[in-house]
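Fold and contact review
These are the residues of each chain, in order.
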Amino acid sequence: MEQQPADGTRFDVVDPATEQPIGAVLDMGPGQATACLDAAVAAQPCWAATTPTQRADVLTRAYQLMIERTDELALLMTLEMGKPLPEAAGEVRYAAEFFRWFAGEALRIDGGLMTSPDGRSRLLVTHQPVGPSLLVTPWNFPLAMGTRKIGPALAAGCTCVVKPAEQTPLSMLALLGILHEAGVPDGVVTVVTTTDPAAAMAPLLADPRARKLSFTGSTAVGRVLLAQCAQTVKRTSMELGGNAPFIVFDDADVDEAVDGALAAKMRNIGQACTAANRIYVQRAIAESFTAALVDRMGALKVGRGTEPGVHVGPLIDGDAVAKVSALVADARARGATVRLGGQRLDMPGYFYPPTVLTDVPDDAEMACTEIFGPVAAVSAFDTEDEVVARANDTEYGLVAYLYTNDTRRGWRVAEALDTGMVGLNQGVVSTPSGPFGGVKQSGLGREGGFLGIAEFLETKYIGAAR
């Protein structure tokens, strides 16, 4: 369960609130990454042969250990990626729930038996583990995105090689230790830490022994990985970019809609693929909604996530701040009005203040790309047909949100929105019991829910003569 031996090269992990190192980990290359896959391949037969109850027990113990160590895991997460401690603690609990959920799913892997129509044979359908799996996780939810992939892989009987983002390897290494303590054998889960993921993972993606890739990250990188996986026809799950519309109709409760917008926009400092990226408010209530949103966002305290009362921590790095700043400048140049924030804060760390823009045109760059920061882009609309067309006018289709007190309208619009998930009168859709995933260029497959484990199972049909 340890990291595989490396040549001694290490890289620093930096606290984005101070821009100072908080630790160092191995900078692994292709040889060390291949050694991790070798370990996973060697461990696959024994792990696949474990009983569903054995796998469920291990995942349940891992869940319990995470809950017991919520405070220390949350502190580690806050130090390496910046989110405030209460939010980090919430992620630890959310992440642990994936282990508890998939402990149950391990016991429910089903199949079927029927007699052929001509009565001459029996048809048996079974499900077996895909095999050694490559799991690539992002920095914005360093524990939850790990458990959402590792949980179903282990429950299905698959070994796995995990490649965390270089900004947040410490959380994944802590999780590796918990899995070891919970009873996961050596080689079943290994971790590749690297500053050059393309080089380190290339031989694994080309290796036919690796049978599955589950990736969470940008659409641009996802396209490249899909092309690489095509060479060995790997099973793939892709959780890619988003451009979530947040629609508020004039019959909605404004206070509830503002609460939902804050939840959908400011989770993880806006650094989430599910973040509300385009906020559309029906014209009759646009000003009252915006004024309330400005008041609420203006009251959020900015600072280091370890400080009491902080709601908004730093962005992940300097490039993130530069991107958000450029998107705000572009929107202003195209006619948007800054109602709150809009300028980088003059303080150490990668901070950007809560910002509200109104009259954001559809041709602004932030209307067609993920903002990934604490910027709310608001624009007005007039009719239902208009806002549905604007919401669907994107290559992405991960999640959408809508607020209305008209039940028929709610169902009608939810069905018309071209996304894999819809939050109807709620600003958070993520839950271990729900199938998370998108359509169009937001991804392939589903994570969580009853469908999550199916991504790590192959279907086998056996025809037996009677």
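What you see is a predicted model; the values in this text were computed from it and never measured.

The rules behind the values
Residues numbered from 1 in each chain as written. Predicted model: local features only at pLDDT ≥ 70, side-chain atom pairs only at ≥ 80, totals over all residues. Heavy atoms only, no water. Pairing = 2+ DSSP bridges. Helix = DSSP H or I, 4+ residues; strand = E, 2+ residues; numbered from the N terminus. Axes fitted to C-alpha atoms, helices over the stretch in contact; angles between N-to-C directions. Phe/Tyr/Trp six-rings, centres within 6.5 Å; stacked < 30°, edge-to-face > 60°. Buried < 20%, exposed > 50% of the residue type's maximum accessible area, 1.4 Å probe, protein only. Expected span 1.5 Å × (residues − 1). Contact = heavy atoms within 4.5 Å. Polar contact = N/O pair within 3.5 Å; in protein donor to acceptor, adjacent residues only side chain to side chain. pLDDT = per-residue confidence, 0-100. Patch = residues over 30% accessible without salt bridge, like charges linked within 9 Å, V, L, I, M, F, W, Y side chains within 5 Å. Areas by Shrake-Rupley, 256 points an atom, 1.4 Å probe, with all protein chains shown as cover. Salt bridge = Lys/Arg side-chain N within 4 Å of Asp/Glu carboxyl O.

Ordered in space as S3-S4-S20, the 3 strands form an open sheet in which the pairing is antiparallel. The open sheet has two free edges, formed respectively by strand S3 (112-115) and strand S20 (457-465), since each of these has just one partner strand. The average angle at which neighbouring strand axes cross in this sheet is 20°, direction not considered. Of the strand pairs in this sheet, S3 and strand S4 (residues 121-129) are connected by 4 bridges, and their pairing is antiparallel. Note that in S4 the partner of Thr115 across the bridge is Arg122.

What follows is about the packing of aromatic side chains. Evaluated as defined, the whole model comprises 6 aromatic pairs. Between the aromatic rings of Phe249 and Phe381, the centroid separation amounts to 5.5 Å while the plane-to-plane angle is 85°, which identifies the pairing as edge-to-face. Highlighted residues: Phe249 in the loop between strand S10 (244-248) and helix H9 (254-266) and Phe381 in strand S14 (residues 375-381), separated in sequence by 132 residues. For the pair Phe249 and Phe381, a shared accessibility class is recorded, and that class is buried. A connected cluster of aromatic rings, assembled from ring pairs, spans Phe246, Tyr401 and Tyr403.

This part takes up helix H11 (residues 318-333). Since the α-helix turns once every 3.6 residues, residues separated by three or four places project in the same direction. Compared with the 22 Å implied by 1.5 Å per residue over 16 residues, the 23 Å span of H11 between its first and last C-alpha is a close match. Of the positions making up H11, those classed as buried are Ala320, Val321, Val324, Leu327, Val328, Asp330 and Ala331. Buried-residue contacts for H11 involve strand S13 (355-358) and S14. The opening residue of H11, the one whose side-chain oxygen lies 3.2 Å from the backbone nitrogen of Asp319, is Asp317. Of the residues one or two after H11, Gly335 is the one with positive phi, at around 110°.

Let us look at the confidence of the model for the protein chain. When pLDDT is averaged along the protein chain, the result is 96, and 98% of the positions lie at 70 or above. Low pLDDT, under 50, characterises residues 1-6; the stretch is placed with 23 contacts to residues that sit more than four places away or in other chains.

We now examine a nonpolar patch on the surface. The grouping of Leu113, Leu124 and Ile462 at the surface amounts to a nonpolar patch, some 260 Å² of accessible area in total. Locating Ile462 in the fold gives a position in strand S20. For Ile462, a relative accessible area of 38% corresponds to the partly exposed category.

With that settled, consider the environment of Asp186. Locating Asp186 in the fold gives a position in the loop between helix H6 (169-182) and strand S7 (189-191). Taking the C-alpha atoms as reference points, Asp186 and Ala39, separated by 147 residues in sequence, lie 8.0 Å from one another.

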